[in-house]
Amino acid sequence: MTRLRALWSKVNEPRVIAASHALVYFALFSAGLYALVNPPSTVDHAIGPVAMNLLAGILAAGGAIGVPTALWGTWWLERTAVALVTLALTLYLLVVLGMQYSSDGGNRFLQAATILGLLVLHFPVRWHRVRQRPWDPDRPRTS
């Protein structure tokens, strides 16, 4: 228990928010890594294996960078993670919407709405916190 408390004390303040962001990054890293090994067949068929691997690789890289930077408060490097994950999710959203409108059947709006929700609710907030404050998000802005 002492070791867990020591690890928790090293997480950047506010710890719950840092841990929540790291958990989202970890989920995206895991999904990207798994998609590299076992790509979703509908998306792979729609955009091709090279594009699918590129999309999954961008997502996995962003997640891998995001986990430690969110936990440790390495704001200048987390900007890269936010940009990579946002790029991958935007591309994925475009693919899902393209599949929705080009297919004869099926409903991908739930999937699209979930991706859009993550893009709109999570990453603009994180980008705002890391954009102009490379070392400390509570530091006053310099215009």
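S.K.: Help me understand the nonpolar core, please; the structure alone is not making it clear to me.
M.R.: Looking at soluble globular proteins, one finds that nonpolar side chains tend to be buried together. The biggest cluster of nonpolar side chains holds 28 residues, and the ones touching the most others in it are Tyr25, Val85, Leu89, Ile115 and Phe123. Top element by residues in this core is helix α5 (residues 75-102). It accounts for eleven residues. Not counting the four nearest positions on each side in its chain, Phe123 is found in contact with Val24, Tyr25, Leu28, Val82, Val85, Thr86, Leu89 and Leu118.

S.K.: So what exactly am I meant to see when it comes to the packing of helix α4 (residues 49-72) against α5 here?
M.R.: Helices that pack against each other are described as a pair by the angle of their axes relative to one another and the distance between those axes. Axis separation between α4 and α5 bottoms out at 8 Å; the angle between their running directions is 150 degrees. With respect to α5, the axis of α4 lies roughly antiparallel. In the crossing of α4 with α5, the sense of the turn from one axis to the other is left-handed. Contacts between α4 and α5 involve Leu55, Ile58, Leu59, Ala61, Gly62, Gly63, Ile65, Gly66, Thr69 and Ala70 on the former and, on the latter, Leu77, Glu78, Thr80, Ala81, Leu84, Val85, Leu87, Ala88, Leu89, Leu91 and Tyr92. Classifying every residue of the contact of α4 with α5 by side-chain character gives 15 nonpolar, five polar and one charged.

Procedures and definitions
- Residues numbered from 1 in each chain as written.
- Predicted model: local features only at pLDDT ≥ 70, side-chain atom pairs only at ≥ 80, totals over all residues.
- Heavy atoms only, no water.
- Core = buried A, V, L, I, M, F, W, Y, C linked by side-chain atoms within 4.5 Å.
- Buried < 20%, exposed > 50% of the residue type's maximum accessible area, 1.4 Å probe, protein only.
- Helix = DSSP H or I, 4+ residues; strand = E, 2+ residues; numbered from the N terminus.
- Contact = heavy atoms within 4.5 Å.
- Axes fitted to C-alpha atoms, helices over the stretch in contact; angles between N-to-C directions.
- Parallel < 35°, antiparallel > 145°, perpendicular 65-115°, else oblique.
- Left-handed = near helix turned anticlockwise from the far one by under 90°.
- Nonpolar A, V, L, I, M, F, W, Y, C, P; charged D, E, K, R; others polar.

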